[in-house]
Structures are given as structure tokens and as C-alpha cells.
Amino acid sequence: MSESVAWGVLGAGAIAKAFVHGVSDLSNSRVVAVGSRSAEKAQAFAEETGLTDAVCHGSYEALLADDAVDAVYIATPHPMHARWAIKAAEAGKHILCEKPAGVNRAEAMAMIEAARVNHVFFMEAFKDRCHPQNHKLLKLLKDKAIGEVRMVRVAFGFGGGDTIDHPEGRLFNLELAGGGIMDVGCYAAEFARLIAGAATGQSFLHPTKIKAVGHLGETGVDEWAAATLQFENGVVAQLGTAIRASLNNACEIVGSTGSITIEDPWLNSRDNAQAGKIVLNQSGEDPTVIEVPADHSSFGYETKVAADAILAGKTEADAPAMTWADSISQAETLDAWRKEIGLVYPQEKPEGFPTPLNGRPAKPIDGHNMTYGQIPGLDQPVSRLVIGCDNQTTFPHAAVMFDDFVQHGGNTFDTAHIYGGGLQEKLLGQWIASRGVRDQVNLISKSGHTPRCTPDQLSHDFLQSLERLQTDHVEIFIMHRDNPDVPVGEFVDVLSEHADAGRMTVFGGSNWGVERFAAANDYAKANDKHAFTLMSNNFSLARMINPVWTGCIAATEPAIRDYLIENQIPNLAWSSQARGYFVSRQATGRAGRWEHDNTWDSPENRQRRERAFELADKYGVTAINIAAAYVLGQPFPSFALIGPRNLDETATSLPALSIQLSEEEMAYLDLRD
């Protein structure tokens with residue numbers, strides 16, 4: 001790359017024209033290509049914006065294939081952002097994407113993960129974050145010019161009248177993710193989160209509580225809406241937005257000793273440099289007007305920030321520009337605001353989201369490193385990593401996670417009747433139906449969770465699970481708990497009935513002890529019934545000191561481990577990476593997402609963790625990869641259940657599959673040296 005970034009403009013609408021104008025007076029940027037849906041549109045755009053030397057491409061694909069393009073500015077309608085950002089990242093292009101980054105958090109997560117995997121820059125284009133006015137404001141807050149920040153009031157809205165002038169336009173089009181929240185309310189949200197963070201010296205804060213109301217118009221989009229956000233530091237923000245009501249489009253920040261008013265937080269001039277103005281009101285003093293000079297338009301400033309970062313070899317910008325974590329928080333905030341007023345876009349429903357965001361089929365990509373094992377009684381191999389379906393919150397979230405898992409070679413999904421009150425089973429069933437992959441995946445269903453661990457209740461819940469999953473059978477059924485008060489033969493009888501009816505192929509027990517497991521199979525053999533084929537107990541490098549939940553049993557107990565080895569019983573290990581215990585070298589306290597003092601932490605486990613870090617340095621991986629490789633390297637068929645909440649958690653688990661620990665290394669981790 002030269003001393004300036006060669007930009008390609010993807011999309012040829014009005015906002016793209018503002019971008020081109022903003023680039024015109026920058027020394028670190030130049031526009032070299034335009035991509036539109038036809039060559040004629042691209043050519044007309046180039047002529048109108050004075051891009052006489054730019055190459056005009058008649059498709060977005062052609063623009064991304066242009067070797068002269070270093071980075072792309074994505075200026076398409078909202079629902080197209082994710083697809084083209086992902087494709088741009090895969091083409092090795094850096095990305096400045098118009099706000100909002102994605103239609104929802106799942107899309108934003110997928111875009112950022114594509115940038116991370118492909119080592120390219122990605123920034124969500126909130127131009128106010130890059131303007132000197134914002135920098136001056138943050139300096140005032142840091143210096144406690146108004147004391148402690150307590151409240152923020154911010155609004156961005158326009159329009160009016162009783163009729164919609166252009167119902168076919170994107171603002172009122174539900175298919176195009178129209179409405180006030182996504183178009184301009186997003187500015188109010190990002191500004192409030194920025195100020196809340198600045199109040200305590202952070203680049204942003206994520207709200208802990210969101211309450212909202214809004215009006216959905218005849219086309220289904222939000223025409224005006226308001227939200228109240230609360231943050232962990234006590235700051236409260238009031239947000240307003242509209243596309244059919246003219247708001248004051250200003251911001252007021254109230255502190256303990258004064259207030260700040262910004263008459264134009266967004267600095268929307270598309271043609272000229274626009275100076276900023278901040279009014280400082282300190283208790284007992286006359287207002288102070290602070291003028292903030294500007295050399296570029298807001299579009300120029302955001303492009304300069306992006307180009308400087310790209311030229312410096314960074315993959316994300318420095319705050320207060322939008323960092324990756326900031327964009328994820330922003331998307332999650334907008335999701336919560338829309339959820340409060342009941343606004344769901346068609347592409348967020350199963351029928352509107354039939355294919356993965358990256359445009360590839362929901363099947364393994366070439367070059368994946370997934371490995372597979374066999375469970376007796378199943379024809380299809382089972383991926384050694386099994387994804388837990390227990391924390392997905394929306395269909396887009398589930399679909400993005402499941403698409404990614406399958407494309408990395410995963411084919412086995414673990415869920416249970418109790419998870420999320422049935423939500424996870426429903427989301428998994430919807431995803432399978434929308435992708436048409438039922439014959440490509442193994443489903444694990446669990447019921448029989450305490451206190452519903454009787455033959456009748458187990459059957460009732462299992463049949464309900466099949467309905468939620470939209471299938472007539474599962475490959476693997478696992479009893480979630482044992483109930484010693486029920487004769488083991490009664491469980492074998494009812495499970496065998498389901499197996500004979502074709503509703504489950506094989507079955508096993510989770511949190512079962514050896515004596516009951518062996519007794520079940522003795523009964524099955526004596527009575528010509530189906531036997532328990534597998535176990536699903538906790539198994540990890542860190543020994544479970546105290547049960548995660550009441551009734552949990554770990555297969556690391558010597559008697560169970562010996563039984564698994566002797567009988568070559570497969571174990572599907574839950575909490576296979578000890579729920580984040582190997583994320584940090586910290587001996588006690590919080591490591592990852594969970595408190596581990598009571599469940600995992602002990603002198604022996606700290607020693608195992610330290611040794612995992614030593615081997616991680618040797619293999620060039622992370623300690624969690626060593627912990628997972630340990631589980632997969634057992635002398636019995638062992639599968640690791642993982643519970644990623646985000647795409648990067650899946651990605652950081654995959655290297656474990658490529659590690660083959662030696663017997664000496666396994667003994668070292670086991671503290672048997």
C-alpha cells in the first residue's frame with residue numbers, strides 16, 4: 001500500500017456522494033473505483049462526483065475483485081451491509097461500513113469476525129465520533145467541567161405531517177430495515193453510550209437497563225420512538241428519534257456542577273467543513289460558548305481516521321471512533337430498543353433468513369480442521385466438538401452461530417428440554433428447517449431433568465422436544481439426570497420403547513454413576529432391551545471440586561474413568577473447558593465468565609492450569625486449546641461439548657482439534673509425573 005489508501009465505493013447513493021466529497025481534500029485517501037448494480041449507474045455516479053479517473057464496476061463483486069482497491073466504503077441499504085462487509089473481508093479489503101453496521105447484533109458480530117479472521121480493518125461509520133467537537137467534549141468531561149455526569153438527553157428526528165410522502169423509500173420500508181431507530185436513533189444511542197463511558201474514563205458503557213416506547217406506522221417501521229437507558233455508573237440517558245416528527249436534534253449533558261449543551265451533535269454537512277460549538281453552563285457563571293474549528297467535513301474526518309488506522313496496520317480504530325466492542329454494544333442496544341417496541345424485520349425471521357450471511361451453503365468449507373468419532377449405533381460420524389444450544393437469544397443469533405459451526409465441519413448439536421424454557425430447541429428446529437440440513441446433522445436431546453425425572457415425565461418432555469425441534473427423531477437422547485428412587489429397569493423400558501418407535505437412535509445418561517449405568521445395561525441385556533450407549537458427564541482438565549449444579553457428576557472420578565476405558569463407552573463431556581477456568585492464569589477469582597472459587601479452583605487445578613499455559617506456549621495456541629485437547633486425547637471415545645456465545649469463542653476452540661498431546665504430556669497435565 002502506498003502512503004494513501006485507495007478506496008472503492010460500494011453503492012452509489014446519496015451518502016456515497018458525501019463520502020467522495022469528504023475524501024477530496026484528504027492526503028491519506030483517494031477514490032479509485034466505484035461499484036454499483038450496473039455499469040451505467042456506476043458511471044453516472046463517477047461523472048456526478050467528478051471521479052474522472054475512477055474505474056466503474058457494474059457489480060459489487062467486480063469492485064471487490066479489483067486489485068487496485070485497498071479498502072471499501074459500504075454505502076448500501078442496511079440489510080446489505082453484513083453480506084458485503086463479509087465478502088469484502090474475504091477479498092482482503094479493509095472496510096468502512098455505514099451505520100448501522102448490521103441489522104442486529106448477530107450481523108455485526110459476523111462482520112467483525114470476518115475482519116478478524118481475514119486480518120483486515122473494520123470500522124462502523126459514526127462520523128461524529130471522529131470530529132474535533134467530540135474530542136473537545138470528551139476532554140471537558142474528563143476534566144470534570146460539569147462535575148459528575150448524571151443525565152444525558154439526546155434526540156435525532158426529522159419529518160412530520162399526517163401522510164407518508166414516499167412509502168416506497170427505504171425509510172418506510174420494513175424489508176430495508178427502515179424506521180427511526182436504525183436510521184437516526186442509532187446516533188442517539190451511540191452518543192449516550194459514549195458519554196456514559198466518558199463519565200468514568202471509559203471509551204463507552206453498555207446500558208444495564210433499557211425501557212422504550214414507540215409508534216409503528218402503517219408500513220410496520222417505527223415512525224417515532226423514545227428510550228431510557230440506565231448505566232452501571234448511575235448515568236441515565238433519554239433518547240428520542242423519529243422519521244415523522246421534527247425533534248430538536250440536540251444534546252444536553254447534566255452533571256453535578258453544571259451542564260453542557262451541543263446544538264448540533266451530528267455535524268451532518270455533506271459539502272463543507274463544519275465547525276463545532278459547545279455551550280458550557282457551570283453553576284453560578286454565565287454560559288461559555290466554545291467554538292471548535294474544523295478542517296474537513298464529518299465524512300472527511302471519519303475517512304481520515306479509518307485511513308490512518310489502515311496505514312498503521314491496525315484492524316480497528318482507536319476510540320472515540322467505533323471500536324469492535326463498541327459496535328457490538330451498539331448493535332445490542334438497538335436490538336433491545338426495537339424489542340421493547342415490538343419491531344422485528346423480515347430478515348430476522350426464519351423464513352426471511354434462509355441462507356448464511358456469507359452467501360455460502362450451510363455445509364463444511366474446504367480446509368476445515370474438524371475431526372470426527374463414531375458412536376456405536378449411529379451411521380453418521382459425530383464431530384469431536386459438539387455445540388451446546390443453550391444460550392442463543394434470537395433466531396439471527398442462533399443462525400449465525402450454527403451456520404458458522406457447520407461451515408467449520410461441526411455436525412452435532414446438543415440441547416435439552418429445560419434450556420431457555422424451550423427457546424433453544426425452537427431456535428435449533430427453525431434453523432434446521434430453514435437450512436434444510438436435517439439429514440446432515442446429529443441432534444442430541446435431553447429430558448429427565450430433576451424434578452421431572454420419572455419415566456412418564458421424561459417421555460412427555462421428550463415428545464414436546466421433538467415438536468419444538470420440528471423432527472420425528474433424534475440421533476442421541478440423553479437422560480439429563482438419574483433418579484435412584486426409580487428402578488433402573490423402568491427407565492430402560494421407556495427409552496427402549498422410544499428407540500423401537502424410531503424416535504431416538506441411541507441413548508445414554510448424563511450425570512449418572514457407574515453402578516446405575518452398569519445396572520441399566522445388565523437389565524437391558526437380560527430383558528432384550530436397548531442398552532445405554534454413551535455417557536455425558538463433566539470431564540475436563542480442571543477437576544470439578546464442587547458440583548456446578550446439584551446432582552452433577554464428573555467422569556474424572558477414577559471409577560467412572562476406568563469404566564469408560566474398560567468398556568470403551570463414549571463420553572460427551574460438558575464444561576469440557578471448565579467454563580473459562582483456563583482463560584486466565586489468575587489463581588483465584590474471576591477467570592472468563594464465571595466465578596470459579598467454589599467449583600474449579602484448588603491448588604491442584606492451579607498447577608494443571610499453569611502446565612496448560614506452558615504447553616500452550618510450546619504449541620503456539622491458548623491454554624483453553626490445551627485443556628480441550630486433553631479431553632479429546634482420552635483413551636476412551638471422548639467428545640467435547642462447547643458453549644460459545646460469540647463467533648470468536650467458536651474460532652478460538654477450533655485449534656484444539658489440531659493438537660495431538662503425547663502420553664508424556666497427558667501425564668504431565670494429569671500431575672502424574
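Details of the structure are given in the entry above.
What you see is a predicted model, and the numbers here were worked out from it, not measured in a lab.

The rules behind each value
- Residues numbered from 1 in each chain as written.
- Predicted model: local features only at pLDDT ≥ 70, side-chain atom pairs only at ≥ 80, totals over all residues.
- Heavy atoms only, no water.
- Helix = DSSP H or I, 4+ residues; strand = E, 2+ residues; numbered from the N terminus.
- Rg over C-alpha atoms; globule rule 2.2 N^0.38 Å.
- Buried < 20%, exposed > 50% of the residue type's maximum accessible area, 1.4 Å probe, protein only.
- Contact = heavy atoms within 4.5 Å.
- Areas by Shrake-Rupley, 256 points an atom, 1.4 Å probe, with all protein chains shown as cover.
- Lys, Arg positive; Asp, Glu negative; His and termini not counted.
- Charge placed at Lys NZ, Arg CZ, Asp CG, Glu CD.
- Phe/Tyr/Trp six-rings, centres within 6.5 Å; stacked < 30°, edge-to-face > 60°.
- Pairing = 2+ DSSP bridges.
- Axes fitted to C-alpha atoms, helices over the stretch in contact; angles between N-to-C directions.
- Core = buried A, V, L, I, M, F, W, Y, C linked by side-chain atoms within 4.5 Å.
- Expected span 1.5 Å × (residues − 1).
- Parallel < 35°, antiparallel > 145°, perpendicular 65-115°, else oblique.
- Nonpolar A, V, L, I, M, F, W, Y, C, P; charged D, E, K, R; others polar.
- Salt bridge = Lys/Arg side-chain N within 4 Å of Asp/Glu carboxyl O.

Peer 1: How do you make sense of the overall build of the protein chain when you look at a structure like this?
Peer 2: Looking only at helices and strands, the protein chain features 19 helices and 26 strands. For the protein chain, the C-alpha radius of gyration of 28 Å lies close to 26 Å, the compact-globule estimate for 673 residues. Dimensions of the protein chain, computed from C-alpha atoms along their principal axes, come out at roughly 85 × 60 × 55 Å. Burial analysis of the protein chain (673 residues in total) assigns 57% to the buried set. The long-range fraction of contacts in the protein chain, counting pairs at least 24 apart against all pairs at least 6 apart in sequence, stands at 73%. Total accessible area computed for the protein chain in this model is approximately 26300 Å², and 50% of it derives from carbon and sulfur atoms. With 57 positive and 85 negative side-chain charges, the protein chain shows a spacing of 2 Å between the two charge centroids.

Peer 1: Quick question: what am I supposed to make of the packing of aromatic side chains here?
Peer 2: When we look at a pair of aromatic rings, we describe it by the centre distance and by the angle of the planes. Counted under the stated rule, the structure contains 23 aromatic pairs. Measuring from centroid to centroid gives 4.9 Å for Trp 512 and Phe 532, while their planes differ by 45°, and the two rings are tilted. Taken together, the positions of Trp 512 in the loop between strand S21 (504-509) and helix H14 (514-526) and Phe 532 in the loop between H14 and strand S22 (534-535) put the pair 20 residues apart, joining distant regions of the chain. By the burial criterion, Trp 512 is buried, and Phe 532 matches it.

Peer 1: What is the right way to look at the sheet that holds strand S4 (residues 71-74) in this model?
Peer 2: Strands pair in a sheet through their backbones, by hydrogen bonds, and they do so in one of two ways: parallel or antiparallel. Spatial ordering of the open sheet is given by S3-S2-S1-S4-S5-S6, a layout of six strands whose pairing is parallel. Edge positions in the open sheet fall to strand S3 (55-57) and strand S6 (122-125), since each of these has one partner strand only. With direction set aside, neighbouring strand axes in the sheet form an average angle of 25°. Here strand S2 (residues 29-35) pairs with S3 via three bridges, running parallel. Pairing of Ala 33 across the sheet is with Val 55, part of S3. Along the sheet, helix H1 (residues 14-23) makes contact with strand S1 (5-10), S2, S4 and strand S5 (94-98), crossing S2 at roughly 150°. Lying on the sheet, helix H2 (residues 39-49) is in contact with S1, S2 and S3; it crosses S3 at an angle near 145°.

Peer 1: Any chance you could explain the nonpolar core here in plain terms?
Peer 2: Proteins that are soluble and globular tend to have nonpolar side chains buried together. Counting 129 residues, the largest nonpolar core has Ile 95, Phe 122, Phe 413, Trp 431 and Phe 582 as the members making the most contacts within it. Beyond its immediate chain neighbours, meaning those up to four positions away, Ile 95 contacts Val 72, Ile 74, Ala 85, Ala 88, Ala 89, Val 120, Phe 121, Phe 122 and Met 123. Of all hydrophobic cores here, the second largest spans 52 residues; its members include Val 149, Ile 181, Ile 262 and Trp 266.

Peer 1: I keep staring at unusual backbone geometry and nothing clicks. Help me out?
Peer 2: In terms of backbone geometry, most residues other than glycine have negative phi values and most peptide bonds are trans. Of the consecutive residues Lys 99 and Pro 100, the connecting peptide bond is found in the cis state with omega at -15°. By the secondary structure assignment, Pro 100 is in the loop between S5 and helix H5 (105-118). Pro 320 follows Ala 319 through a cis peptide bond whose omega is 15°. Within the secondary structure layout, Pro 320 lies in the loop between helix H8 (298-311) and helix H9 (324-341). Not every positive phi belongs to a glycine, and Asn 511 is a case in point at roughly 60°. Mapped onto the fold, Asn 511 is located in the loop between S21 and H14. Relative accessible area serves as the criterion here: at 4%, Asn 511 is assigned to the buried category. A positive phi is found at Leu 671, a non-glycine position, where the angle reads about 65°. Relative to the helices and strands, Leu 671 resides in the segment after helix H19 (663-669).

Peer 1: Before we go on, may I ask you to explain helix H11 (residues 423-435) in this structure?
Peer 2: What sets the pattern is the α-helix's 3.6 residues per turn: residues three or four places apart point alike. Spanning 13 residues, H11 covers 18 Å between terminal C-alpha atoms, matching the ideal 18 Å at 1.5 Å per step. Within H11 the residues assigned to the buried category are Gln 424, Glu 425, Leu 427, Leu 428, Gly 429, Trp 431, Ile 432, Ser 434 and Arg 435. In this fold, the buried residues of H11 make contact with helix H10 (395-407), strand S18 (412-414), strand S19 (442-447) and helix H12 (455-469). Just downstream of H11, Gly 436 is the residue with a positive phi angle, here 65°.

Peer 1: Can you walk me through the sheet that holds strand S8 (residues 209-216) in this structure?
Peer 2: Taken together, eight strands build an open sheet; the order of strands is S8-S9-S10-S7-S11-S12-S13-S14 and the sheet is mixed. Where the open sheet ends on each side, the last strands, each with one partner, are S8 and strand S14 (288-292). In this sheet, neighbouring strand axes are inclined to one another by 10° on average, regardless of whether the strands run parallel or antiparallel. The sheet contact formed by strand S12 (residues 258-262) and strand S13 (residues 276-282) spans five bridges and is antiparallel. Bridge pairing in S13 places Ser 259 opposite Asn 281. Where H9 meets the sheet, its contacts fall on S8, strand S9 (222-230) and strand S10 (236-242), and the angle it forms with S8 comes to roughly 55°.

Peer 1: Would you mind showing me how to read H1 here?
Peer 2: When H1 is considered as a whole, its buried residues turn out to be Ala 16, Ala 18, Phe 19, Val 20, Gly 22 and Val 23. Looking at the packing, one finds that the buried side of H1 touches S1, S2, H2, S4, S5 and H8.

Peer 1: I keep staring at the environment of His 368 and nothing clicks. Help me out?
Peer 2: With respect to the element layout, His 368 can be found in the loop between H9 and strand S15 (372-373). As for His 368 and Gly 410, which are separated by 42 residues in sequence, their C-alpha atoms are 9.5 Å apart. Those residues in contact with His 368 that lie beyond four places of it in its chain are Gln 407, His 408 and Gly 409.

Peer 1: I would appreciate a short explanation of the pairing of S9 in the present structure.
Peer 2: Consecutive side chains of a regular strand alternate in pointing toward one face of the sheet and then the other. In terms of strand pairing, S8 meets S9 through eight bridges, oriented antiparallel. Looking at the pairing, Lys 209 lines up with Gln 230 of S9. Hairpin geometry of S8 and S9 is characterised by an intervening segment of five residues between the two adjacent antiparallel strands and by a positive phi of about 100° at Gly 220. As judged from the seven bridges shared by S9 and S10, these two strands associate in the antiparallel manner. The partner of Trp 224 across the bridge, within S10, is Ala 242.

Peer 1: Could you clarify how one ought to interpret the packing of H1 against H8 in this entry?
Peer 2: Think of two packed helices as two axes; the pair is described by the angle between the axes and how far apart they sit. Two elements in contact, H1 and H8, have axes separated by 7 Å at closest approach and are oriented at 70°. The orientation of H1 with respect to H8, classified from their angle, is roughly perpendicular. Contacts between H1 and H8 involve Ile 15, Ala 18, Phe 19, Gly 22 and Val 23 on the former and, on the latter, Phe 299, Gly 300 and Thr 303. Tallied by class, residues from the contact of H1 with H8 come to five nonpolar, three polar and no charged.

Peer 1: What's the story with the pattern of salt bridges in this structure? I'm lost.
Peer 2: In a structure, side chains of opposite charge can pair up when their charged atoms sit close to one another. The final tally for this structure, using the stated rule, is 30 salt bridges. Note that Asp 318 and Lys 314 form a salt bridge whose closest N and O atoms lie 2.6 Å from each other. Taking relative accessible area as the criterion, Lys 314 reaches 32% and is therefore assigned partly exposed. Within this structure, Arg 129, Glu 190, Arg 193 and Asp 326 form a network of salt bridges that share partners.

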